[in-house]
Amino acid sequence: QPLADAQPAATRASLGIPAGALVLGCFGFALAHKGIDTLVETIAPLARATGREVRLLAINSILDERSAHFIQGCQNNARQLGVNEKVHWITDYQPIETCQKLLSAADFVVFPYKHTRESASAAVTVGLSTLKPVLVSPLEIFSDLADVTWKMDGHSAADIVSAVQTLLAPTGAA
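Report follows, based on the coordinates. (Residues numbered from 1 in each chain as written. Predicted model: local features only at pLDDT ≥ 70, side-chain atom pairs only at ≥ 80, totals over all residues. Heavy atoms only, no water.)

## Re the pattern of salt bridges
Opposite charge on two side chains lets them pair, provided their charged atoms get close. Tallying each qualifying case throughout the model produces 5 salt bridges. For the salt bridge of Asp37 with Lys114, the shortest nitrogen-to-oxygen distance reads 2.8 Å. Of this pair, Asp37 sits in helix 2 (residues 36-50) while Lys114 sits in the loop between strand 4 (108-111) and helix 5 (122-129), and the two are 77 residues apart along the sequence. Arg66 serves as the salt-bridge partner of Asp64, at 3.6 Å between the closest nitrogen and oxygen. Residues participating in the shared-partner salt-bridge network are Glu53, Arg55 and Lys86. (Salt bridge = Lys/Arg side-chain N within 4 Å of Asp/Glu carboxyl O. Helix = DSSP H or I, 4+ residues; strand = E, 2+ residues; numbered from the N terminus.)

See below:
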């Protein structure tokens, strides 16, 4: 069900996210195929492309040792890329209502999934409940949501930058 009384400005302030920042949100269990690593790699190019400060709100619960190791790798990559201070990691399990409120601080909720054998994504429904634009990779897992999501050309950082720029462009400017 859609989130009522989201208060995104208050949520941003509580997380230390500047009001004018462009915020990408992601949600779900911390698994490699979900593209969290790609979102980390998107921060700097998206900032260059838009001229805005970019933040990533990563609400990705650690499921097991494998996912803990994956998140550590993403955090190491963020440090190497010099964007660690731009990522807000929330890796402990949170109630859905809390996740919805946190995701409401995002401008876009992004699911840049890589190839997966999953047949559906429960995580994307939480993204949709924020009533924010939801960007998805062009995989079968998202095909039943084509009318309510923005299908990116792929799942790379360049694909995410391109989709966000298209959605930020003034109507008719493309």
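Now that the structure has been shown, we can carry on.
## A look at the nonpolar core
If you look at the biggest cluster of nonpolar residues, it comprises 27 residues, and the most contacted ones within it are Leu24, Leu56, Trp89, Val110 and Val164. For this core, the secondary structure elements donating two or more residues are strand 1 (22-29), helix 2, strand 2 (54-61), helix 3 (65-81), strand 3 (87-90), strand 4 and helix 6 (157-168). Apart from the residues within four sequence positions on either side, Val110 is in contact with Leu24, Gly25, Cys26, Leu39, Leu135, Met152 and Ile160. In this structure, Val23, Phe27, Ala105 and Ala106 belong to the second largest nonpolar core, which totals 24 residues. (Core = buried A, V, L, I, M, F, W, Y, C linked by side-chain atoms within 4.5 Å. Buried < 20%, exposed > 50% of the residue type's maximum accessible area, 1.4 Å probe, protein only. Contact = heavy atoms within 4.5 Å.)

## Brief notes about the pairing of strand 4
A two-sided burial pattern is seen for strand 4, the buried positions comprising Phe108 and Val110 on one face and Val109 and Phe111 on the other. The pairing of strand 1 with strand 4 spans 2 bridges and is parallel. Each bridged residue has a counterpart across the sheet, and for Leu24 the counterpart in strand 4 is Phe108. As judged from the 3 bridges shared by strand 4 and strand 5 (residues 134-136), these two strands associate in the parallel manner. Looking across to strand 5, one finds that Val110 is bridged to Leu135. (Pairing = 2+ DSSP bridges.)

## Examining the environment of Val109
With respect to the helices and strands, the residue Val109 is situated in strand 4. In this structure Val109 comes out as buried when scored by relative accessible area, which is 0%. Distance from Val109 to Asp159, taken between C-alpha atoms, is 14 Å for residues 50 residues apart in sequence.

## Points about the packing of aromatic side chains
Summed over the entire model, instances satisfying the criterion amount to 2 aromatic pairs. Ring geometry for Phe111 against Tyr113: centres 6.1 Å apart, planes inclined by 70°, an arrangement best described as edge-to-face. Judged by relative accessible area, which is 1%, Tyr113 ranks as buried. Plain terms: the ring middles of Tyr113 and Phe142 are 5.0 Å apart, the flat faces sit at 65° to each other, and that makes the pair edge-to-face. Within this pair, whereas Tyr113 is found in the loop between strand 4 and helix 5, its partner Phe142 is found in the loop between strand 5 and strand 6 (150-151), the two being separated by 29 residues in sequence. With respect to class, Tyr113 is no different from Phe142; both count as buried. Members of the aromatic cluster, joined through ring pairs, are Phe111, Tyr113 and Phe142. (Phe/Tyr/Trp six-rings, centres within 6.5 Å; stacked < 30°, edge-to-face > 60°.)

## Things to note about the packing of helix 2 against helix 3
Following both chains from N to C, one finds helix 2 and helix 3 inclined at 10°, their axes separated by 10 Å at the closest point. Taken together, the axes of helix 2 and helix 3 are roughly parallel relative to one another. Together, Ile36, Asp37, Val40 and Glu41 of helix 2 and Phe70, Ile71, Cys74, Asn77, Ala78 and Leu81 of helix 3 make up the contact between the two elements. Considered class by class, the residues forming the contact of helix 2 with helix 3 number 7 nonpolar, 1 polar and 2 charged. (Axes fitted to C-alpha atoms, helices over the stretch in contact; angles between N-to-C directions. Parallel < 35°, antiparallel > 145°, perpendicular 65-115°, else oblique. Nonpolar A, V, L, I, M, F, W, Y, C, P; charged D, E, K, R; others polar.)

Function cannot be read off these values alone, since they describe shape.
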